[in-house]
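# Tertiary structure, described
Spelled out, the chains give:
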Amino acid sequence: MTWKLQAITGEFTGQEISIERDMLVGRHQDADILLQSADISRRHAALLLKEQQLWVQDLNSSNGTFVNDTRVEQETALHDGDILQFASFMFSVLAAPVEKELPEIEVEPVSSIAHDAGMPSLAERAAETSINRDGMPQQVGIPKPAPIPEGVDVQAEQQPAVSEEPVSRVQQEIEQQKNASVGLISIVVLIILAVIAWLFFK
């Protein structure tokens, strides 16, 4: 809390002095509040800040320190609106208003914000993805490969992989039957040709 003294009399009339730390009042050159008058002692009084409360202490001055026309004999707490007087210099005590705490702002979770904005939640996205018997997702989009930089010869780097496809048992049986049929037809054709030749040359 910031305290202020507003001068009521003297050369500082109307001016405000902020009290943000312990301050010395007097006509000595080292005083924080310098009052050049013969009725002010060199070290007249002290203003003390203790736990945001302003106190005044008279330092055995010749003409005294007063709070609301009562002479200060020991440390005295000051309040907003008090009249503080150092000899003939009078000040009004002003207490700065207490700053109100800002209300707390509730922040929604990111997932709910995204859902409100039209984005599906993680649970909804998981529900949309179909899963096979092995628990693997199906119909998942495959990302496009990165573009190939200019000047890179892709053909030189790629070597075709020779893969031998395994021949199933059924295909082997079909091939064997085809070979047997061709062989049988060849034999029949040779016999027919032999018979024709024999009849022709007989």
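Here the structure is shown first, and the text comes after it.
Let me begin by describing the structure that accompanies this report. Note that the coordinates shown come from a computational prediction; the quantities given were computed from them, not determined experimentally.

Rules behind the numbers
As a convention, each chain's residues are numbered from 1 in the sequence order in which they are written. Under the rules for a predicted model, residues below a pLDDT of 70 receive no local features and side-chain atom pairs below 80 are neither given nor counted, while totals for whole chains, interfaces and linings still include all residues. For the side-chain quantities, the full set of heavy atoms in the structure was used; hydrogens and water were omitted. A helix here means a DSSP run of H or I that spans at least four residues, while a strand means a run of E at least two residues long, and both kinds are numbered starting from the N terminus. Residue contacts are counted whenever heavy atoms from the two residues lie within 4.5 Å of one another. Accessible surface area values rest on a Shrake-Rupley calculation with a 1.4 Å probe, where residue burial reflects the displayed protein chains alone. Here, a salt bridge means any side-chain nitrogen of Lys or Arg that lies within 4 Å of a carboxyl oxygen of Asp or Glu. Type-normalised accessible area, obtained with a 1.4 Å probe on protein chains alone, sets the label of each residue: buried when under 20%, exposed when over 50%, and partly exposed for intermediate values. Strands are treated as partners if at least two bridges between them are detected by DSSP. The definition of a polar contact used here is a pair of N or O atoms within 3.5 Å, where within protein one atom must be able to donate a hydrogen and the other to accept one, and adjacent residues in sequence count solely through side-chain atom pairs. Each patch is built from residues that are more than 30% exposed by relative accessible area and take part in no salt bridge. Like charges join if they lie within 9 Å; nonpolar side chains (Val, Leu, Ile, Met, Phe, Trp, Tyr) join within 5 Å. Classification of ring pairs uses Phe, Tyr and Trp, with its six-membered ring standing for Trp, and accepts pairs whose centres are within 6.5 Å; under 30 degrees between planes counts as stacked, over 60 as edge-to-face, and the remaining range as tilted. As a reminder, the over-ring test applies to NZ of lysine and CZ of arginine, requiring each to be within 6 Å of the ring centre and within 35 degrees of the ring normal.

### Some details on the overall build of the protein chain
Helix and strand counts for the protein chain come out as 4 helices and 11 strands. In the protein chain, the proportion of contacts linking residues at least 24 apart, taken out of those at least 6 apart, comes to 34%. For the protein chain, the accessible surface area stands at approximately 16,200 Å², while carbon and sulfur atoms represent 56% of it.

### Observations regarding the pattern of salt bridges
Any two side chains of opposite charge can pair if their charged atoms end up close together. Taken as a whole, this structure holds 3 salt bridges when the rule is applied. Note that Lys50 and Glu75 form a salt bridge whose closest N and O atoms lie 2.6 Å from each other. A residue pair is termed long-range when its members are at least 10 positions apart, and Lys50 in strand 5 (residues 45-50) and Glu75 in the loop between strand 8 (70-71) and strand 9 (76-77) qualify at 25 residues. What makes Lys50 partly exposed here is its relative accessible area of 37%.

### Section: the sheet that holds strand 5
Taken in spatial order, the 5 strands line up as 4-3-5-6-9 in an open sheet, and their pairing is mixed. The open sheet is flanked by strand 4 (33-34) and strand 9, the only strands paired with a single partner. One ladder, built from 3 bridges, connects strand 3 (residues 23-26) with strand 5; its direction is antiparallel. Within the sheet, the bridge partner assigned to Leu24 lies in strand 5 and is Ala46.

### Considerations on the side chain of His28
Tracing the sequence through the fold places His28 in the loop between strand 3 and strand 4. Engagement of the side chain of His28 in a polar contact is seen with the backbone nitrogen of Asp30, the distance being 3.0 Å. A distance of 3.2 Å separates polar atoms of two side chains, one belonging to His28 and the other to Arg42.

### Looking at the sheet that holds strand 1 (residues 3-7)
Read across the open sheet, the 6 strands follow the order 2-1-11-10-7-8; overall the sheet is antiparallel. Single-partner strands in this sheet number two, and they are strand 2 (16-19) and strand 8. Bridge count for strand 1 against strand 11 (residues 89-95) is 5 bridges, and the pairing is antiparallel. Bridged to Trp3 within strand 11 is Ala95.

### Quick notes on the pairing of strand 11
Here 4 bridges tie strand 10 (residues 83-86) to strand 11, and the two strands are oriented antiparallel to one another. Bridge assignment links Ile83 to a residue of strand 11, and that residue is Ser92.

### Quick word on a nonpolar patch on the surface
The grouping of Leu184, Ile185, Val188, Val189, Leu190, Ile192, Leu193 and Ile196 at the surface amounts to a nonpolar patch, some 760 Å² of accessible area in total. With respect to the helices and strands, Ile192 occurs in helix 4 (residues 169-200). For Ile192, a relative accessible area of 46% translates into the label partly exposed.

### Points about the packing of aromatic side chains
Applying the stated criterion across every chain yields a total of 1 aromatic pair. Of note, Lys50 hangs over the ring of Trp55, and the distance from its end group to the ring centre comes to 5.8 Å.

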